Amino acid sequence: MQIADSFPKRAFPPQGGNAPDISTQLQQQRIEHQRILVRRSMELWWPRVVLIALGGILAGVIGQFVLNYPIYVFAPMGALVILFLITWRVQFGLFVIAVTSTPLLPQAFSVKALSVYPALPLLVWLFFVLAVQVAFRVKEVVLPSFWAIWPLLGLACLAIISNIVVQVTWTTGVPHKIGNSPVILDEIYGIALFFLPLITIAVTTVSLVKKEQWIEYIQTAFLVLSVLLAAIVIIEFKRIGATIYTFRFSDPKLLWMSLKAISQILVLGTLIAYVRLLYSTRWRARIMYGVAVLMCIGGVYLCLQNSWWVEAVIALGVITFTYSRKLFGFLCLAAIPLIPVVLAEIQKLATVKTADFYRLIIWKDALRVWSKQPLFGVGPGNFWAYDQRFTQLPRYLRDFSKTGLGVSHNGYLQTLGELGPLGLFFYLAMMVVIIVVAVRLFRRSKAPEKRNDAMLGLVALGLVCGSALGDFTSGAMFLQPRQVGSSGSLTQVLSTWIIFGCIMYKDQLWRMARKKLKFDKQE
């Protein structure tokens, strides 16, 4: 049956009744879908458009800032890279700390009177990295023996005790401020300073586990940087037309580097080069190390830092005597004709460096400070406050904020004044222990394959003996004076404690091997 087509040209039926309007619905759906697509496009692209616009604006502003202050942009980027490398390879981190402890790197930033150099934040960072690795047993740990660090532990504990006691027995008339700053800031700094050797030694020993070759890398870096600094000193000395009687006073700094910090690393470079000269078997190496010795010792001489003169002479003498008594005797005989020349030079310097005669007054002031708190001392950080109250220096030198005084210029008197007789005992014991560790390392390294250990022991032995004598007139060979104002030269002692940390690492390995051998025999 056929159904009739009642709608012309196959059109849709007219609207009416309940019949749906399909074309209208389809049109509405298309419009809704277009709105959804537009809204999604806006949601997708408007943050990008805004960021592009802001990026263009910031690029113009930051670009100008980078051109004017590039260090504030590239320094954080470089610091992040270095921190990553230090975390990834801790032995490389120790190497970086050793390099940055030299005066070649300028001050990073300062917080009021506290000067912060790159080596200190890096040391703290590496300490916490190693602490985390040891805590999670990611890294094998070799800590220094208690018998090697007990004097340092005693100094750190006594620093806390003396500062607590002095608050109860504070001398009447002594202010609780240094300048405009409360004395507690210097007390905190002073206590922290006594922990610096312990932290440095711990970082050194843990970082070197199964990576002993880095000891040689560190010593070589010290030697190369010392030769470089010696060349800078000699060139600058000639450039300004100075003499050995005026160089220290006319220009106490070279660029951003103090002559004291330069002298410290030059002495260390001298010792390393001299020991390698003694152990060299080829003439080419002997000539190279001989030139390095002459350059470094010449740089120390030109810096006119008499405390480091003493350190260098005593250290070289101790090294020579320990290595060969015959060589020591021969050099002493060869030096006899030079005695009149040396005495004449000392007399000339005495007429120029008249300020050094005030040292006797300063030492008497240190004893006077100690007499106010004879049992536990005045505490680290309080020496300045007491000294300014009781000093007998001429009036024009009593403003310590301008003259830079307020310390004893003698490490032993500084320790006596701050920590009392017990503190001085720990201070002397520290040197004796380091000497014993260095001598033992040298004596048990007679075999040719242990030549590097013997050289390390000699360097450490000469360094501690020279520093012990130089500390009579410096007070900054092992630790800086415990005042915030001394932070500008704090990093110069890090190189010394890194060397001591290396011999304590070797000492602990020897103790562990001996203990294991004894245990095996018992079984």
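Below is a summary of the structure that appears in this document. As the structure is a computational prediction, the values presented were derived from the model and not from experiment.

Here's the deal with the nonpolar core
Piece 1. In terms of nonpolar packing, the biggest core is built from 106 residues, with Ile262, Met430, Phe478, Trp497, Phe500 and Ile503 touching the most fellow members.
Piece 2. With 13 residues, helix α9 (residues 259–279) is the largest single contributor of residues to this core.
Piece 3. Within the second largest apolar cluster, 20 residues are counted, among which are Ile178, Ile362, Phe390 and Leu413.

Some thoughts on the pattern of salt bridges
Piece 1. Per the stated rule, a full pass over the model turns up 6 salt bridges.
Piece 2. A salt bridge links lysine 210 to glutamate 140; the shortest N-O distance between them is 3.2 Å. Placement of lysine 210 in the loop between α6 (183–207) and α7 (213–239) and of glutamate 140 in the loop between α4 (119–135) and α5 (146–168) is noted, with a sequence separation of 70 residues between them.
Piece 3. For lysine 210, a relative accessible area of 64% gives the class exposed.
Piece 4. With relative accessibility at 42%, the residue glutamate 140 sits in the partly exposed group.
Piece 5. Residue glutamate 212 pairs with lysine 506 through a salt bridge whose shortest N-O separation is 2.5 Å. Taken together, the residues glutamate 212 in the loop between α6 and α7 and lysine 506 in helix α19 (residues 494–522) connect sequence positions 294 residues apart.
Piece 6. Residue lysine 506 is classed as buried on the basis of its relative accessible area, which comes to 11%.
Piece 7. Taken together, the salt bridges that share partners define one network made up of Glu212, Asp453 and Lys506.

A look at the side chain of threonine 171
Piece 1. Among the structural elements, threonine 171 can be located in the loop between α5 and β3 (177–178).
Piece 2. A polar contact is formed between the side chain of threonine 171 and the side chain of glutamine 373, at a distance of 3.3 Å.

Observations regarding the packing of aromatic side chains
Piece 1. According to the stated counting rule, one finds 20 aromatic pairs in the structure shown.
Piece 2. Consider the rings of phenylalanine 92 and phenylalanine 95, whose centres lie 6.5 Å apart with planes at 25°: the pair is stacked. Note that phenylalanine 92 and phenylalanine 95 are positioned in helix α3 (residues 90–100) at a spacing of 3 residues, about one turn of the helix.
Piece 3. By relative accessible area, phenylalanine 95 is classed as partly exposed at 22%.
Piece 4. For the ring pair tryptophan 170 and tyrosine 386, a centre distance of 5.3 Å and an interplane angle of 65° mean the geometry is edge-to-face. Linking tryptophan 170 in the loop between α5 and β3 with tyrosine 386 in helix α15 (residues 383–390), this pair joins segments that are 216 residues apart in sequence. Of the two residues, tryptophan 170 and tyrosine 386, neither departs from the other in class, the shared state being buried.
Piece 5. Over the ring of tryptophan 88 we find arginine 89, and its NZ or CZ is 4.3 Å from the ring centre.
Piece 6. The ring of tryptophan 510 carries the charged tip of arginine 514 above its face, separated from the ring centre by 4.4 Å.

The rules we used
- Numbers given for residues are sequential positions, taken from 1 along each chain in its written order.
- pLDDT decides what is reported in this predicted model: residues at 70 or higher carry local features, side-chain atom pairs at 80 or more are listed and counted, and totals for whole chains, interfaces and linings draw on all residues regardless.
- Only heavy atoms go into the side-chain values, all of them from the structure, while hydrogens and water stay out.
- What makes a nonpolar core is a set of buried Ala, Val, Leu, Ile, Met, Phe, Trp, Tyr and Cys residues whose side-chain atoms join them at distances within 4.5 Å.
- Think of it in three bands: residues with accessible area under 20% of the maximum for their type are buried, residues over 50% are exposed, and the middle band is partly exposed, with areas taken using a 1.4 Å probe on protein chains only.
- Starting at the N terminus, helices and strands are each numbered in turn, a helix being any DSSP run of H or I of at least four residues and a strand any DSSP run of E of at least two.
- A pair is scored as a salt bridge if a Lys or Arg side-chain nitrogen falls within 4 Å of a carboxyl oxygen belonging to Asp or Glu.
- Two N or O atoms count as a polar contact when they lie within 3.5 Å, although within protein this holds only if one can serve as hydrogen donor and the other as acceptor, and sequence-adjacent residues are included solely when both atoms are side-chain atoms.
- Pairing of aromatic rings covers Phe, Tyr and Trp, the last through its six-membered ring, and needs centres within 6.5 Å; plane angles under 30 degrees mean stacked, over 60 mean edge-to-face, and all others mean tilted.
- Counting as a charge over the ring demands two things of the Lys NZ or Arg CZ atom: a distance within 6 Å of the ring centre and an angle within 35 degrees of the ring normal.

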